[in-house]
Amino acid sequence: MSATHRDHTVASWVTELTTFLFGVALLIFIFGRLPSDVFSPESQTFFFVIGTIAIWRYSWWAVQAVRSVWYNRVIFPRMRAEADAVGELDLPPELFVLCTSFRIEGQINFQVYDALIREAQEYGVPTTIFASVSDRTDVDVITHVMDEHGWPRNIEVRYMFQKGDGKRSAMAEVLRAISRRLPAPGSLLISMDGDIRLEPGTLARSLSFFQAQNDLGALTTNNRAEVTGNDATREWYDLRYAQRHLMMSSMSVSRRLLVLTGRYSVFRADLATQPDFIELIESDHVDHWRFGNFKFLSGDDKSSWYWLLKNGWRMLYIPDVYVTGFEELPDRRRFFASTTDLMRRWYGNMLRTSNRAIALGPRPMGMFTWWSLVDQRLSMWTTLVGPTVVTLVSLFVRPSFFFAYVLWILMTRGIATLILAWQRGRFSLLWIPLIYYNQVWGAMLKTYVSFRFNRQKWSRQGISAGEPDDPVAASRQRRMGHVLHGFAYGVLLLLLILSTGVMAPPDRVSMHIARDQTWERNQQPERLDRWLSAALIDKSRPSVELPPGYFRLEGSLVESLQLNSVPSEKQIRGNRETTTLAISPALAERMQGPDGGPLQDAAECTVNAHCRLALDEHDLTLVNVRLRVEQTTQPDVAETQP
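About the thresholds
- Residues numbered from 1 in each chain as written.
- Predicted model: local features only at pLDDT ≥ 70, side-chain atom pairs only at ≥ 80, totals over all residues.
- Heavy atoms only, no water.
- Axes fitted to C-alpha atoms, helices over the stretch in contact; angles between N-to-C directions.
- Helix = DSSP H or I, 4+ residues; strand = E, 2+ residues; numbered from the N terminus.
- Parallel < 35°, antiparallel > 145°, perpendicular 65-115°, else oblique.
- Left-handed = near helix turned anticlockwise from the far one by under 90°.
- Contact = heavy atoms within 4.5 Å.
- Nonpolar A, V, L, I, M, F, W, Y, C, P; charged D, E, K, R; others polar.
- Patch = residues over 30% accessible without salt bridge, like charges linked within 9 Å, V, L, I, M, F, W, Y side chains within 5 Å.
- Areas by Shrake-Rupley, 256 points an atom, 1.4 Å probe, with all protein chains shown as cover.
- Salt bridge = Lys/Arg side-chain N within 4 Å of Asp/Glu carboxyl O.
- Pairing = 2+ DSSP bridges.
- Buried < 20%, exposed > 50% of the residue type's maximum accessible area, 1.4 Å probe, protein only.

Draft legend 1. Looking closely at the packing of helix H6 (residues 167–180) against helix H10 (residues 275–283). Closest axis-to-axis distance for the H6/H10 pair is 7 Å, and the angle between their directions is 160°. The angle between H6 and H10 falls in the class roughly antiparallel. Crossing of H6 against H10: the hand is left-handed. Residues Arg168, Met171, Ala172, Leu175 and Arg176 of H6 lie in contact with H10, whose contacting residues are Phe277, Ile278, Glu279, Leu280, Ile281 and Glu282. A breakdown of the residues in the contact of H6 with H10 according to their chemical character gives seven nonpolar, no polar and four charged.

Draft legend 2. Quick look at a nonpolar patch on the surface. On the surface, a nonpolar cluster with roughly 730 Å² of combined accessible area is contributed by Trp13, Val14, Leu17, Phe20, Leu21, Val24 and Ile28. Among the structural elements, leucine 21 can be located in helix H2 (residues 13–33).

Draft legend 3. Main features of the sheet that holds strand E20 (residues 611–614). The five strands lie next to each other as E14-E16-E21-E20-E18, forming an open sheet whose pairing is mixed. The sheet is open, and its two borders are formed by strand E14 (543–545) and strand E18 (591–592), each paired with just one other strand. Packing of helix H19 (residues 529–537) onto the sheet brings it into contact with E14, strand E16 (571–573) and strand E21 (619–623), and relative to E14 it is tilted by some 140°.

Draft legend 4. Spatial organisation of the environment of leucine 219. Structurally, leucine 219 can be placed in strand E6 (residues 216–228). The sequence separation of leucine 219 and leucine 257 amounts to 38 residues, and the corresponding C-alpha distance is 9.0 Å. Setting aside residues up to four positions removed in sequence, leucine 219 forms contacts with Ser206, Phe209, Phe210, Leu260, Tyr264, Ser265, Val266, Leu316 and Ile318.

Draft legend 5. Expanded view of unusual backbone geometry. Of note in the backbone geometry, leucine 182 takes a positive phi value of approximately 55° without being a glycine. Note on placement: leucine 182 falls in the loop between H6 and strand E4 (188–193). Positioned with a positive phi, arginine 255 is a non-glycine residue whose angle comes to about 60°. Tracing the backbone through its elements, the reader meets arginine 255 in the loop between helix H8 (231–252) and strand E7 (264–268). Looking at arginine 255, the relative accessible area reads 23%, which means it is partly exposed.

These figures capture arrangement, not role.
The structure is reproduced here in structure tokens:
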């Protein structure tokens, strides 16, 4: 890449240095705040839940990464050699180009058509360019480009003005115009956006794959970008292209893709001019039990992909051919709002199509491609497990778990970034926070859109669709979406609460103590001997959880336990620093303090420095409680009955 190209696509060295210094400062801060006991046995549930999901997600991602390397290093070089050999001898009889543009700047428009006409002229086959434009100035620019190239004899340009109701109707008009020309067998159709510049050799190095593979229905290529915006915007786009490269390469091992990008894709003309293909592009819709029948506004690349998938045609990604996109956020001053708008549209297109693609089953696409579609639906929920669990554990167990989670994020996303950088050929420290942003905020947007995917908006063209015209019906649909979304996340939250145990149901001792009681430190302590003894004898509970409060234990507890069989490894667990036990001197003689010596006056029993109550056969462990040695109560203190 040239220096000019790098200036348009990567962050400045000042930004990279600032990010590095901030990362070092963050690590120093985390290690300074991270308690040594955050990795104690009490943390096992937290790390089990996070780790289980992480093993699943990252093992699947690792499979995709390995497949990507296998495709780029082993499979594709063979394909490239075959395509190059055939491409020198056999060319398609005709070439059609569908280029749609909407209010593209004149300078960009000139570059796009200048590169397109240069490529078509060098390729040499009869080429018809259908320029679907929205303004008369586009015609002037294209005419000027043709003048510059001397009006090549093998190129014909036809103009079609858009209706202004979106890209789909414009594409359908062009496809019908091509079908009326009766394309010769073996002709190809290029579908590209009006802000995509073809690099030298794009046609020769991509179209030859159709001559080499008779069952290939469509292909797409690698992408670069010239981004107008700040450093974060540049790296956000390049990170997305790096992730796209990995996923596209992996899927190409199965000769299938998960999308045919509208930026630059090539189809067999006899497929793209089929009446049902054109109808799907123009009027793709869905019948939904809650939303009824509504048409798709954008996502034509998903419609064409679904048609090929359903009809069993193979698709391919060409990683060594690049096209350059001129990228700019809808509002370059608002990174968060603009990226949210774009991701909401992209994910809406994906969700509106994936259910019917999954319904096709593995037969027309293979098991790996089918499961990849299923995984798209699952990953938006599993990605939310980590942030949800760390929030629960930080609020209800220990705030320091948050720092452990940040350390986990830096490690895992750092490794993922290195793998992406290895395949992309460049690295940026900004990718580490941006990949987490894409994953977590993207997952939240996916779950949001999945209950509202009828709502569509195309920010660049300022049009929206999908909701009923009746405001009352639209409001009712929105309320139902909020209810269903809240219920679905509530189920996930409940499962995580139960699995982590941060809000475990209290045992019968805790229920009795907490019922109708408000405990203050200056109240007389409640005796627990009888009820604690019953709970400890209960073999169904591995430990007894005590609520916050001030309680008393006397020698009768030991007498009761000696008469019954207590399961080994029983624990008495308090509520960290808010549970206090006042014990009699007789009971204190059987107690061992956190330092291993006899209990003298008071002690704090923690996870790493617990206390023990000696019985005849084994000991009981006390965790997260404060102990005080006090005199026995007077005879007039009555024991509360259960």
